[in-house]
Amino acid sequence: MPPSQAELAWMWWIPALPLLGSVLCGLLHFLTLRARGAWAPKAGGHGHDHGDSHGHAAAAAADHGDDDHGHDEHVAVDAGIGALAYPVAVLALLISFVLALAAVVQLGSLGEHTVSIEGPAWHWIDTGVFPIDISIVIDRLSAVMVLIVTGIGLLIHIYAGGYMKGDPGFAKFFAYLNLFVFAMLMLILSSSLLGLFVGWEGVGLCSYLLIGFWYDKGWPAEAGQKAFVMNRIGDACFLVGSFLLVHLFGTLDLSDIAGGVAAKLASAPGAQLELFFAGLCLFGGACGKSAQLPLFTWLPDAMAGPTPVSALIHAATMVTAGIYLVVRLNPLFAANPTLLFLIATVGALTAFVAGTTALVQRDIKKVLAYSTVSQLGYMFLALGTGAFSSAIFHLATHAFFKALLFLGAGSVIHGMHHEQDMHKMGNLRKYMPQTFLTFVVGAAALSGLPLFSGFFSKDEILGQVFAQGGGYYVLWTIGLVTAAMTAFYTWRMVALTFYGPERFDKTKLHPHESPILMTAPLLVLAALAILGGALSFPPVFESFVRVEYLHDWLAPVTAPGTQILEEQLGKHELAHSTEWILLGLGACVALAFAHRAFHRFKQGTASDLATFERSPLRARFLFEAWGIDAAYTKLVVQPVRVLALMIAAVVDGTLIDGFVNGAAQAALSGASRLRRMTSGSIASYGLWMGAVTALIAILLVWNR
Amino acid sequence: MSVPPGHLFALAALLFAIGLAGFFLRRNVIVVLMCIELMLNAANLTFLAASRMHTLENGGRPDLQGPIFAIFVIVVAAVEAAVGLALVIALYRNKQTVSLDDVADLKD
Amino acid sequence: MANLIFYVMAALVVVGALGVVVARNPMMSILSLLASFFALASIYLLAGFQTLAALQILVYAGAILVLFLFVIMLLNLADEKPLERIDMALFHERKTIWTLVVAGALLGIGAFTALELAPPAVAAGVQIPEHGIDDLQGLANAMFSRYLLSFEIISVLLLATAVAVVVLAKRNRGTPRLDQGGEST
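Residues numbered from 1 in each chain as written. Chains lettered and ligands numbered in written order. Predicted model: local features only at pLDDT ≥ 70, side-chain atom pairs only at ≥ 80, totals over all residues. Heavy atoms only, no water.

Engineer: What is the right way to look at the interface of chain B and chain C in this model?
Structural biologist: One widely used convention gives an interface's size as the accessible area the parts lose upon coming together. Counting residues at the interface gives 72 residues for chain B and 81 residues for chain C. When the two sides are added together, the surface that chain B and chain C hide from each other amounts to roughly 6,800 Å², 81% of it contributed by carbon and sulfur. Interface area lost by chain B to chain C is led by Met1(B), Arg26(B) and Met34(B), which between them contribute 10%. Between chain B and chain C we count zero salt bridges in total. (Contact = heavy atoms within 4.5 Å. Buried area = accessible area lost by both parts, 1.4 Å probe. Salt bridge = Lys/Arg side-chain N within 4 Å of Asp/Glu carboxyl O.)

Laid out in structure tokens, this is it:
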């Protein structure tokens, strides 16, 4: 028997606690600034900013433009009372995680036929046409997501306490981080598309704030702005899509929409086209948030933020929002197989392009950034085949190992005193054994080495793609090639960083292992990266283990979409033999390319340099993500800047200023003209009186 | 005399208009005061013409409001002329001029 | 016959008035005004207002104009060169044009009203009373009964004027007189 609404009111604490934590951390930050004497409202109001700014590092070379060279001078600042922010934030998340766990357990205990438990609703807007209520819904899908967000969020918060130690903006960081978790939870747990959008925008905002956390260095602020603007473009699409949905369904409630698609298809034949456009627009929004092909260039730039940020936001949570959206509204997308194929194609191409770019990156974080884009492409590829639960599976495993890799990279960067160029690393396994071990686990998972979590999720996706047949064979090929590239660049990264000759000056730089606050989360994540595959073993292992657990768990949510898809396209399933072949193929490819990369780069950077020498143009092309970013700059950013300048000059300067100044001028000149009336000349006064008298007389006679 | 009352009124209007024009046009203060007297006389004529009109309409019963008021107007005109001329004297003593153009002290 | 006299006198009034406005010498202005007053008095007479005609001559021509004359003589304005000329140049001044416009407007509306809207000529047979509309007896009766208050007020006004004129025209002795010897008080 499902619990009553009143009994579930505690579910609101799950998002509320991080919000509360954020406010408290903000307060602590304010107190810190006051104690530091940096809260003086000086001229320009930037007094408080000086307190937490770093020294201005000299502009680095272009390659290193977007690294988080945060502590070049490493002036460690005591956090003072701000240090309290750490336990506050971690505690908020810890309790939130525990509550989420409790909610999920409760959900699970309700059995298969209950889809969701819903907290009490908050009546937000009454549009007159339909009400917009916000309530917390934990159903099977959001259960997975909420555990990921709070769990990995918790680990990253713990890690960040060690990483951000000594930063003047310590408390501010945790305020933002908690705020982000709040927004993400609102996104996941909302029952209404509007509540989801609030969270959607909120994570975008927090992403901006956190990317540009070290804004006084200049380029992080630009990166944050770029991320925000590109997200905004996606958000515009999202809004249009939600308008279409309101038009189609008359409501913004997610479950109503998802449930109403089948009925809509059956009743109105023209509905399919409308559903296509609604889905297309929402997918556009997802592309912005999840960094897919046209709108992905912000993610590599986002590496300018601190590494915990990159781990949390740009690997595990925010970028997965797009995928969550699609799975949440899966019937909507399933209604149009064409749309699904489009999604799959975009995903596959993104994965490929990002993969090629990651091959030639020197910055360790950039490799991981492009890798993230690539893996997100995989998730969209899965969505595009109707394999919604496979996408979620890969989302989960990716969250584990990518967060692990990012945190590991952060540990490396921390130990190397903020050196991020792999060409200047080498043999670090001697100095950072724990980091090394956990990093290798993450790399194994990412590259899809057999029996690690990434192997299962990636191969499940590829299997689903292959099963669809037809045009999907092309996409499968692309996916396979990308898998090869993934293995290659991953182990290149490992080899360059942890093996080979030491390409740094040991007298000046002393690499060291990170403190336990940072290594403990690494260990936890490594365990998850190894064991995560258990979430959904492939069906061929039926005789050994419980297979497809996640798939079954998510079935109530994905069933409507799957059903619609099967009605349109028929059921596609892999024969067991095909599945074994594909599994074997995947394993071989991963192992082979991993081995090749590892050996090539174990000796050092010679291969990289040779590549650049041989064909510098091609290398450069790959390096700059196929020139897409440069194209955007030339085709979009610069014309917009010119347009903005023009508008500022013409519209603002001439029209608006002219209007305002003109009004003032008119008042002045009118007044000075009127002033001449007080001439002191009696004749003038008298004439005016006489004129008016005559006028009155005429009027009187007229109206006689 | 059987002049229609309208002609009397028209004469008064003409007299008034001439007085008004002179009031504005002349620069000599004393002449301006004289033009004021002209306007007051026009008013007097109007009163008397109206009184005559009402008398004739009422069959010969004299309407005395007109003449009474005309008396008052004459008295006031006298008073005003006296005071005005006293001011002219004072003005002349202070500024040695009676031209209006030279006394625009209230000018901005 | 009486009508003819009226129109002649009316013309004289207008000419006199124009003379006031147009004359260069203030003395000429006064004399024109005098002529105008006389003509006006005869018009009053023709219209049946005997007392008023007398009063017009007595007060206006006899007192007010004399006062004007005194002042002009006192200030020696009469035998100076003409203070201003009315040239054609004056007509280009904005003031002149506007004055003519305004005066013309008032004249126009006044004449229009007078001629179009006034009642028609008197009914035949109706006569002005024998001793005039404002015979002295009737005037006195009215003045001291119905219009007593106004009468008293203007008598006060006359008194006030007398005082005011004396004060205004008195020669100013400058700063208040100090006592002889210069002791401060």
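Engineer: Looking at this model, I keep getting lost on the pairing of strand β3 (residues 131–134) of chain A. Mind explaining?
Structural biologist: The two faces of the sheet receive side chains in turn, since in a regular strand these alternate between them. Residues and elements named next belong to chain A. Burial along β3 is one-sided: the face carrying Ile132 and Ile134 is buried and the face carrying Pro131 and Asp133 is not. In the sheet, strand β2 (residues 122–126) pairs with β3 via four bridges, with the strands oriented antiparallel. In the sheet register, Asp126 faces β3, and the bridge partner there is Pro131. Adjacent in sequence and paired antiparallel, β2 and β3 are bridged by four residues, among which Gly128 carries a positive phi angle near 95°. (Buried < 20%, exposed > 50% of the residue type's maximum accessible area, 1.4 Å probe, protein only. Helix = DSSP H or I, 4+ residues; strand = E, 2+ residues; numbered from the N terminus. Pairing = 2+ DSSP bridges.)

Engineer: I'm lost on empty space enclosed by the protein in this one. Help?
Structural biologist: Once rolled over the atoms, a probe with the size of a water molecule shows which space is left empty. Residues and elements named next belong to chain A. By the definition in use, this model includes five cavities of 30 Å³ or more. The space that makes up the second largest cavity amounts to roughly 60 Å³. What lines the second largest cavity is simply Ser447, Gly448, Lys458, Asp459, Leu462, Leu480, Ala483, Gly586, Val589 and Ala590. Residue assignment for the lining of the second largest cavity shows that the elements contributing at least two residues are α18 (453–468), α19 (472–498) and α22 (576–602). (1 Å grid on protein atoms, 1.4 Å probe; cavity = no way out; pocket = protein on both sides within 12 Å on 5 of 7 lines; lining within 4 Å. Points joined across faces, edges and corners; volume = space filled by probe spheres on them.)

Engineer: I tried to follow unusual backbone geometry on my own but got confused; where do I start?
Structural biologist: The general pattern is negative phi for most residues beyond glycine and trans for most peptide bonds. Residues and elements named next belong to chain A. Of note, His418 is a non-glycine position whose phi angle comes to about 70°, a positive value. Within the fold, His418 resides in the loop between α16 (388–415) and α17 (433–447). In this model, Leu451 sits at a positive phi of 80°, which is unusual for a non-glycine residue. The topology assignment puts Leu451 in the loop between α17 and α18. Leu451 sits in the exposed class, given a relative accessible area of 59%.

Engineer: Looking at this structure, I do not really get α22(A). What am I missing?
Structural biologist: Each α-helix turn comprises 3.6 residues. Residues three or four places apart therefore point the same way. Residues and elements named next belong to chain A. In this model, α22 (27 residues) spans 38 Å end to end at C-alpha, consistent with the 39 Å of a helix rising 1.5 Å per residue. Among all positions of α22, only Glu579, Leu582, Leu583, Gly586, Ala587, Val589, Ala590, Ala594, Ala597, Phe598 and Phe601 are buried. Buried residues along α22 sit against α17, α18, α19 and α23 (606–614). (Expected span 1.5 Å × (residues − 1).)

Engineer: What exactly am I supposed to notice about the confidence of the model for chain A here?
Structural biologist: A low pLDDT score tells you not to read the predicted coordinates there in detail. Model confidence for chain A is summarised by a mean pLDDT of 84, while 93% of its residues fall at 70 or above. Segment residues 43–73 of chain A is flagged for pLDDT under 50; beyond a separation of four residues in sequence, or across chains, it makes 67 contacts in the model. (pLDDT = per-residue confidence, 0-100.)

Engineer: In this structure, what is going on with the nonpolar core? I would like to understand it.
Structural biologist: One recurring pattern in soluble globular proteins: nonpolar side chains tend to sit buried together. Core analysis: the largest hydrophobic core is formed by 211 residues, its most contacted members being Ile138(A), Ile323(A), Leu329(A) and Phe333(A). At 17 residues, the largest contribution of residues to this core is made by α16(A). By size, the runner-up hydrophobic cluster in this structure holds 65 residues, among which are Ala70(B), Leu52(C), Leu65(C) and Leu75(C). (Core = buried A, V, L, I, M, F, W, Y, C linked by side-chain atoms within 4.5 Å.)

Engineer: Just to check I follow, could you spell out the layout of surface pockets for this structure?
Structural biologist: Residues and elements named next belong to chain A. The computed volume of the second largest pocket comes to approximately 840 Å³. Those elements that provide at least two residues to the lining of the second largest pocket are α16, α18, α21 (549–569) and α22. In terms of residue count, the dominant contributor to the lining of the second largest pocket is α21 (nine residues).

Engineer: Honestly, the packing of helix α15 (residues 364–384) of chain A against α18(A) in this entry has me stumped. Any pointers?
Structural biologist: The geometry of a pair of packed helices is captured by two quantities: the angle between their axes and the separation between those axes. Residues and elements named next belong to chain A. Running from N to C, α15 and α18 point in directions that differ by 40°, and their axes come no closer than 9 Å. Compared by their axis directions, α15 and α18 come out oblique. When the axes of α15 and α18 are compared, the crossing they make is left-handed. Together, Gln375, Tyr378, Leu381 and Ala382 of α15 and Lys458, Ile461, Leu462 and Val465 of α18 make up the contact between the two elements. (Axes fitted to C-alpha atoms, helices over the stretch in contact; angles between N-to-C directions. Parallel < 35°, antiparallel > 145°, perpendicular 65-115°, else oblique. Left-handed = near helix turned anticlockwise from the far one by under 90°.)

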